[in-house]
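So you can see what is in the structure, the chains are spelled out below.
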Amino acid sequence: MAELAGIPIHIEQPETEPQQYGNALPILNEIRHALERFAQSAEPTRIDLAAMPFGPGDEARLMALLGRGEVEATIDALGPTRVWETRFPGVWILDYANVDGERIALQIEVDEIPQMLRTQRADMTDSLAALDAALASVNAADPAAESRH
């Protein structure tokens, strides 16, 4: 037995998923639960990634795991905001920037379509008034146009 005491022992732990994926894996699980809630009750979820304790490379790993789907939009309101659906339909990335192009927020939204892309009812009312004014202007300029409507 004395001979065994002099043998150095090194414990190596195999790399497990949490170490390999860092904080991306818990966020993927949160997305999975949000997607299940939405499928069952149409309850949307927004996850603020800025509030997550990302380590080096976590965000890149999460984005790689989520991938990109077919739908993408850019909104220019107080700075550019990029919105894209991941390879998982109903899971959206919203990347907000200020006018200087610096990121100010990064979110995941689980919904049919991100709230940011939905037209607000007040805007639709204004739109109806503007369309009515445009039609009135066309009708005033072309009396024959009135008979075509």
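The rules we used
Residue indices begin from 1 for each chain and proceed along its sequence in written order. Where totals are concerned, whole chains, interfaces and linings use all residues; where local detail is concerned, this predicted model gives features only for residues with pLDDT of at least 70, and gives and counts side-chain atom pairs only at 80 or more. The side-chain figures draw on all heavy atoms in the structure; neither hydrogens nor water molecules are used. Only DSSP runs of H or I covering at least 4 residues are called helices, and only runs of E covering at least 2 are called strands; the numbering of each starts at the N terminus. Only protein chains enter the accessibility calculation, which uses a 1.4 Å probe. A residue is then buried if its area is under 20% of the maximum for its type, exposed if over 50%, and partly exposed in between. Note that accessible areas follow from Shrake-Rupley with a 1.4 Å probe, and for residues the cover is restricted to the protein chains shown. To define a nonpolar core, start from buried Ala, Val, Leu, Ile, Met, Phe, Trp, Tyr and Cys residues and group those joined through side-chain atoms within 4.5 Å. Where helices are involved, their axes are fitted lines through C-alpha atoms of the stretch in contact, as for all axes, and angles between N-to-C directions lie from 0 to 180°. Oblique is the label for any angle not under 35 degrees, not over 145, and not in the 65 to 115 range, which are roughly parallel, roughly antiparallel and roughly perpendicular in turn. Crossing chirality is assigned from the near helix's rotation relative to the far helix, an anticlockwise turn below a right angle marking it left-handed and a clockwise turn marking it right-handed. Every residue pair with non-hydrogen atoms within 4.5 Å of one another is taken to be in contact. Ten residue types, Ala, Val, Leu, Ile, Met, Phe, Trp, Tyr, Cys and Pro, are classed as nonpolar, four, Asp, Glu, Lys and Arg, as charged, and the remainder, Gly among them, as polar. Any carboxyl oxygen of Asp or Glu that lies within 4 Å of a side-chain nitrogen of Lys or Arg is treated as forming a salt bridge with it. Being paired, for any two strands, means DSSP has found at least two bridges between them.

### Examining the overall build of the chain
Logical step 1: If you tally the helices and strands in the chain, you get 6 helices and 5 strands.
Logical step 2: Burial analysis of the chain (149 residues in total) assigns 26% to the buried set.
Logical step 3: About 10,500 Å² of surface is accessible on the chain, with carbon and sulfur atoms providing 56% of the total.

### Description of the environment of Gly101
Logical step 1: Mapped onto the elements, Gly101 comes out in the loop between strand E4 (91-97) and strand E5 (103-110).
Logical step 2: With a relative accessible area of 51%, Gly101 lands in the exposed category.

### Things to note about the nonpolar core
Logical step 1: Residues Ile31, Leu49, Leu62, Leu66, Ile93 and Ile108 are the most contacted members of the largest nonpolar core, which totals 16 residues.
Logical step 2: Counting only elements with at least two residues in this core, the list comes to helix H3 (24-41), helix H4 (58-66), E4 and E5.
Logical step 3: Among the elements that line this core, the one with the most residues is H3, at 5 residues.
Logical step 4: Counting residues in each nonpolar core, the second largest holds 6 residues, with Ile75, Val83, Leu94 and Tyr96 among its members.

### Structural notes on the packing of H3 against H4
Logical step 1: Relative to each other, H3 and H4 sit at 40 degrees, their axes nearing to 9 Å. Relative to H4, the element H3 lies oblique. Here H3 and H4 pass one another in a crossing that is right-handed. Taking contact as the criterion, the partners of Ala24, Ile27, Leu28 and Ile31 in H3 are, on H4, Asp58, Arg61, Leu62, Leu65 and Leu66.
Logical step 2: Residues that form the contact of H3 with H4 fall into these classes: 7 nonpolar, no polar and 2 charged.

### What about the pattern of salt bridges?
Any two side chains of opposite charge can pair, on the condition that their charged atoms come close.
Logical step 1: One pass over the full model with this rule turns up 9 salt bridges.
Logical step 2: Between Arg118 and Asp111 there is a salt bridge whose closest N-O contact spans 3.2 Å.
Logical step 3: Of the residues examined, Asp111 reaches a relative accessible area of 5% and is grouped as buried.
Logical step 4: One salt-bridge network, in which partners are shared between bridges, spans Glu59, Arg82, Asp95 and Arg103.

### Quick notes on the environment of Glu85
Logical step 1: By the element assignment, Glu85 lies in strand E3 (residues 80-85).
Logical step 2: Looking at Glu85, the relative accessible area reads 12%, which means it is buried.
Logical step 3: In the structure, Glu85 is positioned 13 residues away from Glu72 in sequence and 6.5 Å away in space, judged by C-alpha atoms.
Logical step 4: Setting aside anything within four residues of it in sequence, one finds Glu85 in contact with Arg68, Gly69, Val71, Gly90, Val91 and Trp92.

### Some thoughts on the sheet that holds E5
Logical step 1: Strand order across the open sheet formed by 5 strands is E1-E5-E4-E3-E2, with antiparallel pairing between neighbours. Of all strands in the sheet, those with a lone pairing partner are strand E1 (45-48) and strand E2 (72-76), marking the two edges. When the angles between neighbouring strand axes are averaged without regard to direction, this sheet yields 20 degrees.
Logical step 2: Against the sheet, H3 contacts E1, E4 and E5, and its axis sits at roughly 50 degrees relative to E5.
Logical step 3: Those strands touched by H4 are E3, E4 and E5, and its axis lies near 35 degrees from that of E5.

### Quick notes on unusual backbone geometry
Logical step 1: Backbone geometry places Ala42, a non-glycine residue, at a positive phi of 60 degrees.
Logical step 2: Its place among the elements puts Ala42 in the loop between H3 and E1.
Logical step 3: At Leu78, a residue that is not glycine, the phi angle is positive and equals roughly 60 degrees.
Logical step 4: Secondary-structure assignment places Leu78 in the loop between E2 and E3.

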